[in-house]
Amino acid sequence: MERQKKYAFLDTDFIFKSHLSHDALQNTLADMIVGFEDFEFFCHEMILNELSRHHITPDPLPWLNNLIQTGRIRLYTDKDILNELKTIYGTGASSMYTTMLERSCNTFNQGFFDECYSTLKALSITISEDAFLDELRRCDGDIPHQNGIGEKKTYVLIQMMELLYPGRVYVFCSDDFAARQSLNSIPVAVRCLSIIGVFQLLKEKSIPKKTMKPYFDSLCEFLEGQQQTTYRVWYKYSRIRVPISQVFDEIYEDRFHLFKNGDLSYR
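Cut-offs and rules
Residues numbered from 1 in each chain as written. Predicted model: local features only at pLDDT ≥ 70, side-chain atom pairs only at ≥ 80, totals over all residues. Heavy atoms only, no water. Helix = DSSP H or I, 4+ residues; strand = E, 2+ residues; numbered from the N terminus. Rg over C-alpha atoms; globule rule 2.2 N^0.38 Å. Buried < 20%, exposed > 50% of the residue type's maximum accessible area, 1.4 Å probe, protein only. Areas by Shrake-Rupley, 256 points an atom, 1.4 Å probe, with all protein chains shown as cover. Lys, Arg positive; Asp, Glu negative; His and termini not counted. Charge placed at Lys NZ, Arg CZ, Asp CG, Glu CD. Pairing = 2+ DSSP bridges. Axes fitted to C-alpha atoms, helices over the stretch in contact; angles between N-to-C directions. Contact = heavy atoms within 4.5 Å. Expected span 1.5 Å × (residues − 1). Salt bridge = Lys/Arg side-chain N within 4 Å of Asp/Glu carboxyl O. Core = buried A, V, L, I, M, F, W, Y, C linked by side-chain atoms within 4.5 Å.

**Overview of the overall build of the chain**
Summing up its helical and strand segments, the chain has 14 helices and 9 strands in all. The C-alpha radius of gyration computed for the chain amounts to 19 Å, which stays within 12% of the reference 18 Å derived for 267 residues, consistent with globular compactness. Principal-axis analysis of the C-alpha atoms gives the chain an extent of 60 × 45 × 40 Å. Taking all 267 residues of the chain together, 51% fall into the buried category. As presented, the chain carries roughly 12900 Å² of accessible surface, and 50% of it is formed by carbon and sulfur atoms. In the chain, the 30 positive side-chain charges and the 36 negative ones have mean positions that sit 6 Å from each other.

Laid out in C-alpha cells, this is it:
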C-alpha cells in the first residue's frame, strides 16, 4: 500500500536556520529536508515578504524562490486559501477565513485581531471575494513589519490544510517553545518539528551520524554566536538545559523521544 503523503509548512525562522546549516560541500539542511519524498511542502506568500525585508546571511530567499518556481514548494496566497475554503463552505468561505485568522492571531497575541482585523468581521457574508481580499490587504498593510504576519497567515493555511488532510499536517517551525506550544490552542492535530527535532527525525530515517555532524556543527556555530549553548529537553516532568553538542550525541544514542510539539524528551 502506498504511504499517505504528509503536508508540511516552513516558517521564516526554520527556513533561515536550516539554510545556514550545511556540510563541507555547502549542501544545506534545507535541501535535505525538502528532499523528503513522503512530504509535500507549502508556505504562505507572506513568508516571502518577510524574508525579503530581512538582510540576513546566507540569504535563503533565492533558494525559496527557486523551489517555488520548480514546484517543490507550493506558494499559497490568501486568494488561494479562499478558493480552497469555497469548496467546503461555499459563500461562507470569507467568514471562515476570518474565523481562522482570529484564532491564529489570538494564538500569538490576545487582542491583535481586534486591533488590526476587526473590520473583517463587520463585512457582510454576501460581500464579494475581491472586496474581502481588498480589505484584508488594507489591514495587512497597516500592520508594522515586525509583528510576524507570516507566522499568523501560516497558521491560517495550516487550519485550512488540516480540514483537507486531517492528521497529516506538519510544521517545520521556530525553536521558540512558546511559539510551538501555541499550536495546541488551535483545534487541529498538527505536528511540529523544530530545527533540533529535525535531527531526531533524520536519525529515525537512518541518516548516519557522521553525515549529519557537519550540518549540526554549522548550526551550533550560528547558535553560539547568538549566545545559545544549551537546549531545553524534557526530563520526567520538567524541561532541563543540556549542552547542544550533548543533545546531538544523545540523539544518536537513542536517548530521546520526539513529542508532537517538536520537543525532545529523555526516554
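On we go.
**Some details on the sheet that holds strand S1 (residues 6-10)**
The strands that make up a sheet pair up through hydrogen bonds in the backbone, lying either parallel or antiparallel. A sheet is described by the order of its strands in space; here 5 strands give the open sequence S3-S2-S1-S4-S5, paired in parallel fashion. The open sheet has two free edges, formed respectively by strand S3 (73-76) and strand S5 (191-193), since each of these has just one partner strand. Across the sheet, the axes of successive neighbouring strands diverge by a mean angle of 30°, strand direction being ignored. Of the strand pairs in this sheet, S1 and strand S2 (residues 39-44) are connected by 4 bridges, and their pairing is parallel. Within S2, the position partnered with Phe9 by the bridge is Phe42. Where helix H4 (residues 61-70) meets the sheet, its contacts fall on S2 and S3, and the angle it forms with S3 comes to roughly 95°.

**Quick word on the pairing of strand S7 (residues 238-243)**
Here 6 bridges tie strand S6 (residues 230-235) to S7, and the two strands are oriented antiparallel to one another. Each residue of the ladder has a partner; that of Tyr231, found in S7, is Val242. Joining the antiparallel neighbours S6 and S7 is a turn of 2 residues, in which Lys236 adopts a positive phi near 60°.

**Overview of the environment of Phe199**
Looking at where Phe199 falls in the secondary structure, it is placed in helix H12 (residues 197-204). With 172 residues separating them along the chain, Phe199 and Asn27 place their C-alpha atoms 15 Å apart. Contact partners of Phe199, with chain neighbours within four places excluded, come to Ser21, Leu29, Met212, Tyr215, Phe216, Leu219, Phe248 and Ile251.

**Section: helix H5 (residues 78-89)**
Its 12 residues give H5 an end-to-end C-alpha distance of 16 Å, which sits within 8% of 16 Å, the value for a rise of 1.5 Å per residue. Along its buried surface, H5 packs onto S2, helix H3 (45-53), S3, helix H6 (93-108), helix H9 (129-141) and helix H10 (149-164). Backbone geometry just downstream of H5 places Gly90 in the positive-phi region, at approximately 60°.

**Digging into the side chain of Glu135**
Within the fold, Glu135 resides in helix H9. With near-sequence residues (within four places) excluded, Glu135 lies in contact with Thr119, Leu120 and Leu123.

**Re the pattern of salt bridges**
This structure, assessed with the given rule, holds 16 salt bridges. The salt bridge partner of Asp78 is Lys153, with a shortest N-O separation of 2.8 Å. Of the two residues, Asp78 is situated in helix H5 and Lys153 in helix H10; the sequence distance between them amounts to 75 residues. Lys153 shares its class with Asp78; the two are buried. Residue Arg137 is joined to Asp134 by a salt bridge in which the shortest nitrogen-to-oxygen separation is 2.6 Å. Of this pair, Arg137 and Asp134 both sit in helix H9, 3 residues apart, which is roughly one turn of the helix. The network of salt bridges with common partners includes Lys6, Asp38 and Lys205.

**Re the nonpolar core**
If you look at the biggest cluster of nonpolar residues, it comprises 50 residues, and the most contacted ones within it are Leu64, Ile73 and Phe172. No other element matches helix H13 (residues 209-225), which puts 6 residues into this core. Not counting residues up to four positions away in its chain, the partners in contact with Ile73 are Leu10, Val34, Phe41, Phe42, Cys43, Trp63, Leu64, Leu67 and Ile68. If you look at the next biggest cluster of nonpolar residues, it comprises 36 residues, including Phe42, Tyr97, Phe132 and Val171.

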